[in-house]
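Spelled out from the first residue to the last, the chains are:
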Amino acid sequence: MIDLQGYGPRLIEGAGVTIQLAVLSLILAIILGLLTATAKMSRNWFLRRTATVYTTLIRGVPDLVLMMLLFFGGQIGVNAISDMLYYNYEIDIYINFNAFAAGVLTIGFIFGAYMGETFRGAFMAVDNGQIEAGKAYGMSSSLVFRRIRFPQMMRHALPGLSNNWMVLLKTTALVSVIGLTDMVRVAAEASRATHEPFTFLLPVAVVYLLIASVSEWIFARLQKRYDIGFGGQ
Amino acid sequence: MLDISAWFNDLLAGNTIFTADTLGYYWEGLVTTTQLVFLSLIAGLILAVPLAIMRSSKHKWISLPVYLFTYVFRGTPLLIQLYIIYYGVVFIDGIQETFLWPVLREAFYPALIAFTLNTAAYTTEIFRGAIKATAQGEIEAARAYGMSPRLMMRRIILPSAFRRALPAYGNEVIFMLHASAIASVVTLMDLTGAARFVYARYYAPFEAFLFVAAIYLCLTFAILFFFRYLEKKLLAHLRPQDA
């Protein structure tokens with residue numbers, strides 16, 4: 001067994017942070033992605049334009065730079081708002097800028113842009129006749145979305161979704177640079193303290209591979225589930 | 001003659017953060033980022049071609065090791081790979097006595113090695129996909145002409161595979177540019193490193209990072225347009241014909 005020199009529990013805690021961060025940002029990214037896809041397909045010129053600017057800007061700038069902007073700029077921004085509230089309205093509050101929340105927000109915000117592209121392609125792949133059939137049955141548009149468009153869209157979106165999730169998972173490693181104690185940060189600290197980089201960094205790499213393999217299996221099962229009715233193709 | 005430096009000082013007058021000094025840091029950062037990205041892409045490309053051919057081999061014992069390499073390098077964060085190489089290099093027994101030490105001691109080379117291996121793994125998979133997608137008829141035609149497998153690879157499969165891989169490879173180049181930002185973590189003064197320095201010195205996160213974000217955005221667009229141009233040139237035969 002590898003001697004983790006007492007860093008074991010902290011590494012496990014760090015792995016927990018990584019997984020929580022990844023899952024919460026994925027949920028945020030999916031919500032943002034659905035909104036972006038809807039905005040991009042809407043008839044409203046302003047919504048379309050905003051969504052395009054959002055996806056272009058996010059995809060043109062490195063994740064780390066966006067993260068630093070939000071982490072380092074976030075506290076100043078929050079302080080400015082609370083100062084403004086104090087001077088103008090005498091409301092005295094102190095908001096502590098939470099690093100974990102900032103991490104979830106940035107990663108979710110970044111991948112929302114990627115998800116938007118995935119979902120837009122998937123929505124457009126749903127046969128129009130299906131939607132018309134739903135309307136002919138007298139379904140409301142929200143019911144059409146829930147029962148027809150969403151389930152059929154997911155079948156097309158899953159491969160892209162799984163890709164985005166894998167990239168997102170690896171992106172969470174970047175939060176270690178900004179000050180969140182995820183498993184990468186613990187491993188890097190331990191490497192510096194003990195001068196044994198391989199003892200700590202290699203197991204962390206293996207954990208990433210494990211999470212990736214497990215998610216691959218989950219996505220394969222989901223794909224099977226959403227492919228029901230399209231079997232044999 | 002126009003006095004450029006006077007014009008420049010005029011432009012920056014009253015600006016406390018973006019002095020000629022700080023812009024110098026950004027310029028240095030731009031040079032480092034460009035070098036890192038360009039060199040690792042070239043080296044990665046050179047590695048990826050033989051690896052992709054091996055990866056598409058019918059023999060398991062040739063394709064499996066390459067698959068393992070790409071699986072590990074695509075499945076773990078680049079930051080971990082960089083840490084392993086950056087911290088790990090110091091602990092190779094006796095490396096401090098060899099002629100390589102002065103080179104490896106600087107952060108630039110471990111970063112270059114990590115980036116090269118990472119992009120090589122992704123590029124290998126891109127090329128493999130393109131090689132696999134070669135039309136069966138082309139291969140049969142080459143065989144019918146009596147081409148040896150080597151000649152067929154050189155004249156038929158690779159040229160058409162490279163063209164097919166172009167759009168995906170363009171994405172990989174942009175991805176590499178963005179990934180290079182983590183070089184700043186191992187003390188390298190790349191573009192992001194310069195932004196961090198300016199932020200730390202003036203405590204001005206918005207100015208420091210928004211400026212560097214704009215530079216990255218311009219670089220991304222430049223790469224995008226370059227690859228669009230290449231695609232237009234090299235994939236002209238695949239474009240829908242004008243009616």
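Residues numbered from 1 in each chain as written. Chains lettered and ligands numbered in written order. Predicted model: local features only at pLDDT ≥ 70, side-chain atom pairs only at ≥ 80, totals over all residues.

1. A short note on the overall build of chain A
(1) Moving on: Helix and strand counts for chain A come out as nine helices and zero strands.
(2) Moving on: Mapped from its N terminus to its C terminus, chain A presents α and β elements in the order α-α-α-α-α-α-α-α-α.
(3) Moving on: Overall size of chain A, expressed as C-alpha extent along the three principal axes, is 65 × 60 × 30 Å.
(4) Moving on: Looking at chain A residue by residue over its 233 residues, the buried ones come to 37%. (Helix = DSSP H or I, 4+ residues; strand = E, 2+ residues; numbered from the N terminus. Buried ≥ 20, exposed ≤ 12 C-beta atoms within 10 Å, placed from the backbone.)

2. Some words on the overall build of chain B
(1) Moving on: Counting its secondary structure elements, chain B contains 10 helices and zero strands.
(2) Moving on: Mapped from its N terminus to its C terminus, chain B presents α and β elements in the order α-α-α-α-α-α-α-α-α-α.
(3) Moving on: If you line up chain B on its principal axes, its C-alpha atoms span 75 × 65 × 30 Å.
(4) Moving on: Looking at chain B as a whole, 35% of its 243 residues qualify as buried.
(5) Moving on: Within chain B, counting contacts between residues at least 6 apart in sequence, those at least 24 apart form 76% of the total. (Contact = placed C-beta atoms within 7 Å.)

3. A word on the UniProt feature "transmembrane region" (unreviewed entry) in chain A
Residue and element names in this part refer to chain A.
(1) Moving on: The feature "transmembrane region" (unreviewed entry), as annotated in UniProt, sits at residues 17-39, 51-73, 93-114, 157-180 and 200-220 in this numbering.
(2) Moving on: With 100% helix and 0% strand, residues 17-39 has end C-alpha atoms that lie 32 Å from one another.
(3) Moving on: Taken as a whole, residues 157-180 contains 79% helix and 0% strand, while its terminal C-alpha atoms sit 31 Å from one another. (UniProt positions renumbered as here; feature names shortened; annotations may be inferred.)

4. A word on the packing of helix α1 (residues 8-41) of chain A against helix α8 (residues 183-194) of chain A
Residue and element names in this part refer to chain A.
(1) Moving on: The geometry of α1 relative to α8 is characterised by a closest axis approach of 7 Å and an angle of 150° between their N-to-C directions. Taken together, the axis directions place α1 and α8 in an arrangement best described as roughly antiparallel. The segment α1 lies against α8, with R10, L11, G14, A15 and T18 engaging M183, R185, V186 and A187.
(2) Moving on: A breakdown of the residues in the contact of α1 with α8 according to their chemical character gives five nonpolar, two polar and two charged. (Axes fitted to C-alpha atoms, helices over the stretch in contact; angles between N-to-C directions. Parallel < 35°, antiparallel > 145°, perpendicular 65-115°, else oblique. Nonpolar A, V, L, I, M, F, W, Y, C, P; charged D, E, K, R; others polar.)

5. Section: the environment of Q130 of chain A
Residues and elements named next belong to chain A.
(1) Moving on: Within the secondary structure layout, Q130 lies in helix α5 (residues 128-136).
(2) Moving on: Since 13 C-beta atoms lie within 10 Å of it, Q130 is described here as partly exposed.
(3) Moving on: Here the alpha-carbon distance between Q130 and V144, two residues 14 residues apart in the chain, equals 9.2 Å.
(4) Moving on: Apart from the residues within four sequence positions on either side, Q130 is in contact with I148 and Q152.

6. Quick word on the interface of chain B and chain A
(1) Moving on: With 29 residues of chain B at the contact, the number on the chain A side is 27 residues.
(2) Moving on: Looking at the side of chain B that touches chain A, the elements that each hand over two or more residues are α3 (60-75), α4 (78-88), α9 (191-202) and α10 (205-234) of chain B.
(3) Moving on: A per-element tally of the side of chain B that touches chain A places α10 of chain B first, with 10 residues.
(4) Moving on: Per-class residue counts for the side of chain B that touches chain A are 22 nonpolar, six polar and one charged.

7. Notes on the UniProt feature "transmembrane region" (unreviewed entry) in chain B
Residue and element names in this part refer to chain B.
(1) Moving on: UniProt marks residues 36-54, 66-87, 107-124, 173-197 and 209-230 with the feature "transmembrane region" (unreviewed entry), using the numbering shown here.
(2) Moving on: Each end of residues 107-124 is marked by a C-alpha atom, and these two atoms are 26 Å apart; helix forms 94% of the span and strand 0%.
(3) Moving on: What you have in residues 209-230 is 100% helix and 0% strand, and the ends, taken at the C-alpha atoms, are 31 Å apart.

8. Let's talk about unusual backbone geometry
(1) Moving on: In this structure, H195 of chain A takes a positive phi of about 60° despite not being glycine.
(2) Moving on: Mapped onto the elements, H195 of chain A comes out in the loop between α8 and α9 (197-226).
(3) Moving on: Notably, T187 of chain B is not glycine yet its phi reads approximately 65°, a positive angle.

9. Digging into α8 of chain A
(1) Moving on: Between its terminal C-alpha atoms α8 of chain A stretches 16 Å, which fits the 16 Å expected from 12 residues at 1.5 Å a residue.
(2) Moving on: The set of residues buried in α8 of chain A consists of M183, V184, R185, V186, A187, A188, A190 and S191 of chain A.
(3) Moving on: Turning to α8 of chain A, the residues buried within the fold contact α1, α7 (175-178) and α9 of chain A together with α4 of chain B.
(4) Moving on: Backbone geometry just after α8 of chain A places H195 of chain A at a positive phi near 60°. (Expected span 1.5 Å × (residues − 1).)

10. With respect to the nonpolar core
General note: in soluble globular proteins, nonpolar side chains tend to be found buried as a group.
(1) Moving on: Formed by 93 residues in total, the largest nonpolar core has its most connected members in V65 and V204 of chain A together with L79 and I182 of chain B.
(2) Moving on: When residues in this core are grouped by element, the largest group, 11 residues, is from helix α4 (residues 99-125) of chain A.
(3) Moving on: Every residue in contact with V65 of chain A, bar those within four places of it in the chain, is listed here: A181, T192, A195, F209, V212, A213 and Y216 of chain B. (Core = buried A, V, L, I, M, F, W, Y, C linked by C-beta atoms within 7 Å.)

11. Examining the environment of G129 of chain A
(1) Moving on: When you line up the elements, G129 of chain A lands in helix α5.
(2) Moving on: Along the chain, G129 of chain A and Y87 of chain A lie 42 residues apart, while their C-alpha atoms are 59 Å from each other.

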